[in-house]
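Inside the fold
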There are 2 protein chains.
Amino acid sequence: MQQELNKFMDDQKTAVEQELEHQLRELDIPERLKASMLYSVEAGGKRLRPVLLMAAYHAYDNDTDVALTPAVALEMIHTYSLIHDDLPAMDDDDLRRGQPTNHKVYDEATAILAGDALLTYSFELISSDPQLSANQKVQIVKSLSEVSGPKGMVAGQALDMKAEQREITLEELETIHTLKTGELLRFAVGTGAYLGGASTEQIAHLENFAYYLGLIFQVQDDVLDVTGDPDKLGKPVGSDEANDKNTYPKLLGLEGAIEKKSSYVQRAKEALRKAGAETSYLALLTDYFSARDY
Amino acid sequence: MQQELNKFMDDQKTAVEQELEHQLRELDIPERLKASMLYSVEAGGKRLRPVLLMAAYHAYDNDTDVALTPAVALEMIHTYSLIHDDLPAMDDDDLRRGQPTNHKVYDEATAILAGDALLTYSFELISSDPQLSANQKVQIVKSLSEVSGPKGMVAGQALDMKAEQREITLEELETIHTLKTGELLRFAVGTGAYLGGASTEQIAHLENFAYYLGLIFQVQDDVLDVTGDPDKLGKPVGSDEANDKNTYPKLLGLEGAIEKKSSYVQRAKEALRKAGAETSYLALLTDYFSARDY
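These numbers were taken from a predicted model, which means no experiment stands behind them.

It is worth spelling out the overall build of chain A at this point. Helix and strand content of chain A: 14 helices and two strands. Compactness check: chain A gives a C-alpha radius of gyration of 18 Å against a globular reference of 19 Å for 294 residues, within 12% of the reference. Along the three orthogonal principal directions, the C-alpha set of chain A runs to about 50 × 50 × 35 Å. Across the 294 residues in chain A, those meeting the buried criterion constitute 57%. The contacts of chain A with a sequence gap of at least 6 include a subset with a gap of at least 24, amounting to 71%. By element, 45% of the accessible surface of chain A is carried by carbon and sulfur atoms, the whole surface being about 12,200 Å². Seen as two clouds, the 29 positive and the 49 negative side-chain charges of chain A have centres 2 Å apart.

Turning our attention to the interface of chain B and chain A. It is common to give the size of an interface as the accessible area lost on bringing the parts into contact. Taken together, the 41 residues of chain B in the interface contact 41 residues of chain A. Inspection of the region where chain B meets chain A yields two salt bridges. Across the salt bridge formed by K151 of chain A and E124 of chain B, the nearest N and O atoms sit 2.5 Å from each other. Viewed at the interface, chain A and chain B are joined by six residue pairs in polar contact (both at pLDDT 80 or more). Contributing elements (two or more residues each) for the side of chain B that touches chain A: α2 (31-41), α4 (68-86), α6 (108-127), α7 (134-148) and α8 (153-163) of chain B. By residue number, the principal contributor to the side of chain B that touches chain A is α6 of chain B, which donates twelve residues.

What follows deals with the packing of helix α4 (residues 68-86) of chain A against helix α6 (residues 108-127) of chain A. A pair of packed helices is characterised by two quantities: the angle between their axes and the separation of those axes. All names here are of chain A. Where α4 contacts α6, the axes come no closer than 8 Å and their chain directions differ by 165 degrees. Put simply, α4 runs roughly antiparallel to α6. The two elements α4 and α6 meet at a crossing, and its hand is left-handed. Listed contacts from α6 to T69, V72, A73, M76, I77, T79, Y80, I83 and H84 of α4 are A111, I112, A114, G115, D116, L118, L119, Y121, S122, F123, L125 and I126. Per-class residue counts for the contact of α4 with α6 are 15 nonpolar, five polar and one charged.

Residue and element names in this part refer to chain A. Together, K46, R97, K235 and K245 make up a region of like positive charge exposed at the surface. Relative to the elements of secondary structure, K46 occurs in the loop between α2 (31-41) and α3 (48-58). Under the relative-accessibility criterion, K46 is labelled partly exposed at 33%.

Turning our attention to the relation of the copies chain B and chain A. Turning chain B through 180 degrees and shifting it by 0.0 Å along the axis lays it on chain A, with an RMSD of 0.0 Å. In symmetry terms, the pair is related by a two-fold rotation axis. Here 100% of the contact residues of chain B are again contact residues in chain A; the copies associate through an equivalent surface.

Our focus in this paragraph is unusual backbone geometry. All names here are of chain B. One non-glycine residue, R47, lies in positive phi territory at about 55 degrees. Topologically, R47 is positioned in the loop between α2 and α3 (48-58). Of note in this structure, D92 is not a glycine but carries a positive phi near 50 degrees. Note on D92: relative accessible area 45%, which makes it partly exposed.

Once that is clear, we can look at the packing of aromatic side chains. As enumerated under the stated definition, the model contains 13 aromatic pairs over all chains in all. Ring centres of F217 of chain A and F289 of chain A lie 5.7 Å apart, and the angle between their planes is 70 degrees; on these two criteria the pair is classed as edge-to-face. A residue pair is termed long-range when its members are at least 10 positions apart, and F217 of chain A in helix α10 (residues 200-227) and F289 of chain A in helix α14 (residues 281-291) qualify at 72 residues. Centroid distance F8 of chain B to Y281 of chain B: 4.1 Å. Interplanar angle 20 degrees. Geometry classified as stacked. Remark: Y281 of chain B occurs in helix α14 (residues 281-291) and F8 of chain B occurs in helix α1 (residues 2-25); sequence separation between them is 273 residues. Judged by its relative accessible area of 5%, F8 of chain B is buried.

Turning our attention to the pattern of salt bridges. Residues and elements named next belong to chain A. Applying the stated criterion to the full structure yields 40 salt bridges over all chains. Note that E21 and R25 form a salt bridge whose closest N and O atoms lie 3.0 Å from each other. Here R25 and E21 lie together in helix α1 (residues 2-25), a separation of four residues that amounts to about one turn. Through salt bridges with shared partners, a single ionic network connects K13, E17, R47 and E75.

The N-to-C vectors of helix α7 (residues 134-148) of chain A and α6 of chain B enclose an angle of 145 degrees; their axes lie 8 Å apart at closest approach. In the packing of α7 of chain A onto α6 of chain B, the handedness of the crossing is left-handed. Between α7 of chain A and α6 of chain B, the residues in contact are V138, V141, K142, S145, E146 and S148 of chain A and T120, F123, E124 and S127 of chain B, respectively. For the contact of α7 of chain A with α6 of chain B, the per-class residue count stands at three nonpolar, four polar and three charged.

Attention now goes to the environment of R49 of chain A. Residue and element names in this part refer to chain A. Turning to its location among the elements, R49 is positioned in helix α3. As for R49 and G214, which are separated by 165 residues in sequence, their C-alpha atoms are 10 Å apart. When residues no more than four places from it in sequence are discounted, the contact partners of R49 are L74, E75, H78, T181, L184, L185 and A188. Here the side chain of R49 touches H78 through a polar contact of 3.3 Å, side chain to side chain.

Right, let's get into a nonpolar patch on the surface. Residue and element names in this part refer to chain A. A cluster of nonpolar side chains, namely V226, L254 and I258, defines an oily patch on the protein surface of about 220 Å² accessible area. Within the fold, L254 resides in helix α13 (residues 248-274). L254 sits in the partly exposed class, given a relative accessible area of 32%.

This brings us to the side chain of D129 of chain B. Residues and elements named next belong to chain B. Along the chain, D129 falls in the loop between α6 and α7. For the buried residue D129, which engages in no salt bridge, the nearest side chain bearing the opposite charge is K137, 6.9 Å off. With residues up to four places along the chain from it excluded, the contact list for D129 reads T69 and K137.

Another aspect to go through is the environment of T101 of chain B. Residues and elements named next belong to chain B. Assignment of secondary structure puts T101 in the loop between β2 (99-100) and α5 (102-105). Sequence-wise, T101 and D86 are 15 residues apart; in three dimensions their C-alpha atoms are separated by 6.9 Å. Setting aside anything within four residues of it in sequence, one finds T101 in contact with Y39, D86, D93, D94, L95 and R96.

Analysis parameters
- The residue numbering used here restarts from 1 in each chain and proceeds along that chain's sequence as written.
- All chains are assigned letters beginning at A, and all ligands numbers beginning at 1, according to the order in which they are written.
- Only residues with pLDDT of at least 70 are given local features in this predicted model, and only at 80 or more are side-chain atom pairs given and counted; all residues enter the totals for whole chains, interfaces and linings.
- Derived side-chain values reflect all non-hydrogen atoms in the structure, with water molecules and hydrogen atoms excluded from consideration.
- Strands are runs of DSSP state E lasting at least two residues, helices are runs of H or I lasting at least four, and both sets are numbered from the N terminus onward.
- As a reference, a globule follows 2.2 Å times the number of residues to the power 0.38, and the radius of gyration itself is taken over C-alpha atoms.
- Exposure classes here rest on a 1.4 Å probe applied to the protein chains alone. A residue is buried below 20% of its type maximum, exposed above 50%, and partly exposed in between.
- Contact criterion: two residues are considered in contact whenever any of their non-hydrogen atoms come within 4.5 Å of each other.
- For the accessible areas, the method is Shrake-Rupley and the probe is 1.4 Å, while residue cover comes only from the protein chains on display.
- The sign given to each residue is positive for Lys and Arg and negative for Asp and Glu; His and the chain ends receive no count.
- Lys charges are placed at NZ, Arg charges at CZ, Asp charges at CG and Glu charges at CD.
- Here, a salt bridge means any side-chain nitrogen of Lys or Arg that lies within 4 Å of a carboxyl oxygen of Asp or Glu.
- The term polar contact refers here to a pair of N or O atoms within 3.5 Å; inside protein, the definition further demands a hydrogen-donor-capable atom paired with an acceptor-capable atom, and it admits residues adjacent in sequence only when both atoms are side-chain atoms.
- Lines are fitted to the C-alpha atoms to define the axes, a helix being fitted only along its stretch in contact, and any angle between axes, read from their N-to-C directions, falls within 0 to 180 degrees.
- Working rule for angles: under 35 degrees goes down as roughly parallel, over 145 as roughly antiparallel, 65 to 115 as roughly perpendicular, anything else as oblique.
- Here a crossing is called left-handed whenever its near helix is offset anticlockwise from the far helix by less than a right angle, and right-handed whenever the offset is clockwise.
- Residues are grouped as follows: Ala, Val, Leu, Ile, Met, Phe, Trp, Tyr, Cys and Pro are nonpolar; Asp, Glu, Lys and Arg are charged; every other residue, Gly included, is polar.
- Nonpolar side chains (Val, Leu, Ile, Met, Phe, Trp, Tyr) within 5 Å and like charges within 9 Å form the patches, drawn only from residues with over 30% relative accessible area and no salt bridge.
- The superposition of copies rests on a least-squares fit of C-alpha positions from residues with pLDDT of 70 or more in both.
- The aromatic pairing rule takes the rings of Phe, Tyr and Trp, using the six-membered ring of Trp, and pairs them if the centres are within 6.5 Å, calling planes under 30 degrees apart stacked, those over 60 edge-to-face and the rest tilted.

Here it is in structure tokens:
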């Protein structure tokens, strides 16, 4: 099963990366802007969001090609958010995944514009995709703008900036994670299932699943910053504690955080069962994200 | 006629401003983010883009209400571009329309997020407008993302940054203006006419009209920086020359620039005639923008 999941993830990751590169390389735009967009899009990463979208589609239908453009658009939005979050005025990060951040390689102005361009281009891609019907395009543009805009991801980043250097409650922490990460995961799973032909009720259960998956992902992120292997993670550990960041281990202790994660895994699987997707890749992905060591 | 145009412009400006405020005030989002978005949206200005969209609609149909959401979305995109263009990493402007720029009142991080939020929210507004059909929504999202993204406005800003501190040709200058301003005007006029029921041929002529209107607007901007009255303009004059900016008067001389403008006015009116819109407000708007002294 694990092998099958790995193959599915690799295949989808490759398809998404090829399409991402294709859609950007064919743009006839100022060179430096294009290079800056490509730099961050090609910086790699797990491609968790698009792969989840594909896996949710695959739980109901097999021809994942139809879901490719929305998956690519989602990854562009995720990439734009990383570029802007890394800016000196925001988190002021020099490195991401071991590589210099966009504004360190190019410059701040170009990084801001590359982010703006990726965000805008994602809506162009969806609205001009020949494989989607007009109703599907409208539905996807609506959901994607909702989860990534002022009510979603942007709100999460605004709250995160405000939460720095003060102690927050577990509830506030979960709100920030849900807005910054969970909402995009909800879009991924909901859109994949929608395109795959899932019922409204099934989609609602899957969105509930995505909510817990987002929390699992975040708890594990926090746990790995305490217990992880820097070589496998590709980044130093202990930075959360050094920066006095609000994390699950800080608020609940390490054991408390791991227990919390287990309860989230249970709830995620229960939601999957209700969505009729308990035997899909989504179930394997849940275990995978809960147990990952990188 | 002039009085009638003024009334139309005032009415449309009021309708757009009320709707802009309504759509932002009802958002349940972090307070500082919302205040920052509202600050720039309420900073006023001529509302040229939405009024043009309404005028183009009105050239073919009377119920301008249908065009209100796309007009508001367009103004949000314009506002986001001003916020990001003013940032320290970009044009580093402390004042706009005599008021402190967004990042001076709030902070850079909030200004970046407010811009991101306005951009994203504009697509949400269009895709969830109950007055537009699915096909209309798709068409408008597609056009708006094209003109404002990496092939349009963002490319213009990227080229503009690159063009600073070096001499450029008239052709390069026009490319930058077309991308930074003209493309949004083309969207305004094209979308208004499309929603009003204009034919494909009429829309093509109107988009040609918008191209010249954008150039007229820019030449007049440059001319006013030489000959304008600072009190009427609400900003000091002579700054283009002081900053060694590439302008029409610099490249063609003052008289040459004014002659150029006249030839653009002629071509704009010719395009309007071909679109069957020579008696619409669009014709009056052309004279108005060519002769404006503020």
